[in-house]
Every structure is written in C-alpha cells, then in structure tokens.
Amino acid sequence: MSYDHFGNPGDQIVIADFDDDGRDTLGVYRAGNGRLYLNELGEASGSPLEYVVGSHTGRPVAGVTGGEAPSPAGSGGGGSEVPPGAISVFPGTNIQTAIDNAPNGSTFYIRAGVHRLQRFQPKPGNTIIGEPGAILNGARVLNGWSQSGSEWWIGGQTQQAARHGVCQDSSPRCRYSEDLFVNNVRLEHVDSRSKVTADTWFFDYGADRIYIGQNPAGKTIETSISHGAVYGNSPNVTITGLIVEKYANPAQHGAIDNRYNNSDAGGENWVITGNEVRLNHGVGIKVGKNARVESNNVHHNGQLGIGAIGSGSRFENNEIAYNGQIPFWTDWERGGTKFAKTSNVQIIGNYVHHNVGPGLWADQSARDMLFAENTVIGNSKAGIYYEISYDAVIRDN
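Parameters and conventions
Residues numbered from 1 in each chain as written. Predicted model: local features only at pLDDT ≥ 70, side-chain atom pairs only at ≥ 80, totals over all residues. Heavy atoms only, no water. Disulfide = S-S within 2.5 Å. Buried < 20%, exposed > 50% of the residue type's maximum accessible area, 1.4 Å probe, protein only. Helix = DSSP H or I, 4+ residues; strand = E, 2+ residues; numbered from the N terminus. Contact = heavy atoms within 4.5 Å. Phe/Tyr/Trp six-rings, centres within 6.5 Å; stacked < 30°, edge-to-face > 60°. Lys NZ or Arg CZ within 6 Å of the ring centre and 35° of its normal. Core = buried A, V, L, I, M, F, W, Y, C linked by side-chain atoms within 4.5 Å. Pairing = 2+ DSSP bridges. Axes fitted to C-alpha atoms, helices over the stretch in contact; angles between N-to-C directions.

Novice: Mind laying out the state of the cysteines, listing which residues take part and the relevant values?
Specialist: What the rule picks out here adds up to 1 disulfide. At a sulfur-sulfur separation of 2.0 Å, the disulfide partner of Cys167 is Cys174. Between Cys167 and Cys174, the disulfide has an S-S torsion of -95 degrees and is therefore left-handed. In this pair, the class of Cys167 matches that of Cys174, namely buried.

What follows is the structure, encoded as structure tokens:
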C-alpha cells in the first residue's frame, strides 16, 4: 500500500469548490505566509497550485462567492488596480528617485516584473506595496562568457562587496557578500581557482574575473551586487507584497532593514508584512525597535532568516525556512533567527523549519521575551535556544 501526503505540519485543511467547476478541491492554508495551496482530490499531489489569500491576515472561506477564481501567487493577476493615491513604479524606474520626488507619507505601488539593482531608503510614513509578481532583485545577469579548458570565465567584474562574519574553516569566503546563482541555485564561493567545480565559483578580484565550472550556455547566471533592498531609520514605514531576492547584504545586515547601519537603533513602527524574502547573502529581514514583522515567507537566505535588536517588536505568522545556506560558523551566528540584546519582543505563531543552526535563538541579555504557539521542526541545532538571557515566557510551542 502506498500513501500520499500534502501540506506541512500546522497547515489548516480547507475543502471546497474554489473554482466553481462542480468538484471539491483539497486545500491547506499556511498562516506563516498567508497562502492557500490547492490539490485536486484523488490525484497525485505533485506541485500544488499556490494562491495569495486576501491581505495575509484573513482566512480562506469555502465556496465561490462570485467573480473570477484567484490568480496564482506571482502571476501579476488580481492586483493590477493601483491603490487610491498610490504612485506606480514600473521596472526600469529608479525607486529612490520616485521616493525623493514625492512628499513624506506617499504610497508607492511597485508594478509586477523584475526591478534590478534597486536599493532605496523610504521617507517617513511611506507605504511600499508590491503588485503580485513584483521582484526586487539585487543581482546582475552575466553574459559574454569565455571558455578555458573545463572552466568558463567572464571579465570586467569590478564590484567588491563588503566582507563580514566568521566562517567555517573550510569556507573562508563565506564573509564575502557576493553570491553567484545558476538558474536560481546558489553556488559555493571558493577561495582558489583550483577548487572550481560544477557546484562552486571563484572571484579573482585582482583580475576582475569570475570563474565557474559548468557550461553557461542556455542558463541564467547572476551575481549579487547591491548591498540591500530597503534600509534606513525613517519612522512609520510599511513594506508589503514584495519578493526580495539575491542581494549582497553582508552578514548581520538585512535585505530589508529598518536601520541605517549596524549601530542604528532602527526606525520606529515599521510594518513588514506579506513579503517573500529569499536567496540573500546575510539576513533576510533585520529590524531594530518597535517593528511588526508578520506573514512573511523568509527562506534560503545565507546567514539568517530574521534578525532583531532593540525592544518592542512583534514577529507573527512568518514562515522561516532553509536559512543558513552559507557556511558561516554556526556558533557565531547562523540559523533561522537571532534576537540579540532584545527586550519586550513577542514571537508568536511562526513556522520555523529546516534551518541550518538554531530555529529561534535569543542571546546577549535578551529579556522579557515571549515565544508562543510556534511550530519549530527540523532545524540542525536547538529549536528554541535562549542563551545568556532571562525573564522569558516559552509556552505552547
């Protein structure tokens, strides 16, 4: 007898005729990312259909209530109407220039498509909304490779990103914040041309050349360039609905970061909700004080999924998975999350799984922390690690 499976632990089961075709469809709702996954009853599970549900804070209801069925996440459907008063920003437009030319408190609607090498600092009160399919991509596509034996190389690579972090002895270039991707798969950055294989790459900084060990023909090859996507300490900023990927943000810095730099306490009252943050070098999302980080899907980032300092922040209903992909020394800082020197922080209802390192980790005199109703499974070290800290409530996980 064979058994099939569908969904993940903690998903909510929903069965209904979602598309009005006369047949019920099996679905699971995942609170961590606000998405509904559908599979036809009686069919092999395969790859489920994926849909965004409302504003990521609601729940799906059974049946069709009129209108068209929802569009798959990332398709650009269901979100083409610009919110009232918002300023549309299309691919190729400089987002920072659009912000600089508008007053405080403006709303920007980032239209579907790939917005490459964008890095911007919001003004006080800005709301940044991504249309479904809007991608902030911090990498440049590399074309024009030359072959040399079993290697391929490309010149003219003058970028040198920041270097920060403590690496495993076998991977000293983990601290170099450039990454290289082949068809969306990150290769390991090695420190010698002799170590180049199909799964590794080498940056010869003296010669401004990148080397790989696989034929680039027919493949999309990108190298991360931009230091981060969103940063700065302006207050009352909202970031929602974006895909943020492939940024060269150093360790301990976020691809989305409500601080100006690592010594900054952070902008007050940021809301970061309903985003997908993936494949960035350092931390996916990093915040200082009084932030709300809710219903994001934060996965496959190099050092950490989410990091925080300061007081008063809330992290709820996020999916934090497969982070710690770059071989930093785990006891230094690597895993799903890290809350350092934090106080009065709430971590509630998150799905934290399959990270390399601890799942939920607080350290350096964290205090008055609440860890409640989280699902924490499959991480390579402790699920919840409360280190050199005090006055925590850890319940119902």
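So that's the structure; there's more coming.
Novice: Help me get a handle on the side chain of Glu294, residues and values and all.
Specialist: Relative to the assigned elements, Glu294 resides in strand 25 (residues 292–294). Owing to a relative accessible area of 12%, Glu294 belongs among the buried residues under this scheme. Ignoring sequence-local partners within four residues, the contact set of Glu294 consists of Ile272, Thr273, Gly274, Arg314, Glu316 and Asn318.

Novice: Describe in detail the packing of aromatic side chains, supporting the description with residues and values.
Specialist: Two aromatic rings are characterised by how far apart their centres lie and by the angle between their planes. A complete count under the given rule lists 9 aromatic pairs for this structure. The rings of Tyr176, Trp201, Phe203 and Tyr205 are connected pair by pair, giving a single aromatic cluster. Lying across the ring of Trp361, Lys338 places its NZ or CZ 3.9 Å from the centre.

Novice: Give me the nonpolar core: which residues, what numbers.
Specialist: By size, the foremost hydrophobic cluster in this structure holds 41 residues, and its most contacted members are Leu136, Val244, Ile285 and Phe315. Among the secondary structure elements, those contributing two or more residues to this core are helix 1 (95–100), strand 6 (107–110), strand 9 (134–137), strand 21 (254–257), strand 24 (283–287), strand 27 (304–311), strand 33 (360–363) and strand 34 (367–372). In contact with Val244, other than residues within four places in its own chain, are Leu136, Ala229, Ala255, Ile256, Glu276, Val277, Arg278 and Asn280. Core analysis: the second largest hydrophobic core is formed by 14 residues, Trp145, Tyr176, Leu187 and Tyr205 among them.

Novice: Describe the sheet that holds strand 20 (residues 243–245), and please don't skip the residues or the numbers.
Specialist: The pairing of strands in a sheet comes from backbone hydrogen bonds and takes either a parallel or an antiparallel form. One open sheet holds the 8 strands; their spatial order is 7-9-20-23-26-29-32-35, and the pairing between them is parallel. In this open sheet, the two edge strands, each paired with only one partner strand, are strand 7 (113–116) and strand 35 (375–377). Across the sheet, the mean angle from the axis of one strand to that of its neighbour is 10 degrees, orientation sign disregarded. Summarising the sheet, strand 29 (residues 319–321) and strand 32 (residues 351–353) pair through 3 bridges and their orientation is parallel. Paired with Ala321 across the two strands is His353, which belongs to strand 32.

Novice: Give a description of the pairing of strand 24 that names residues and reports values.
Specialist: Within strand 24, 5 of the 5 residues are buried, which leaves the element mostly enclosed by the surrounding structure. With 3 bridges connecting them, strand 21 and strand 24 associate as parallel partners. Looking at the pairing, Asp257 lines up with Lys286 of strand 24. Strand direction decides the pairing type here: strand 24 and strand 27, joined by 4 bridges, are parallel. Across the sheet, the residue bridging to Val283 is Leu304, located in strand 27.

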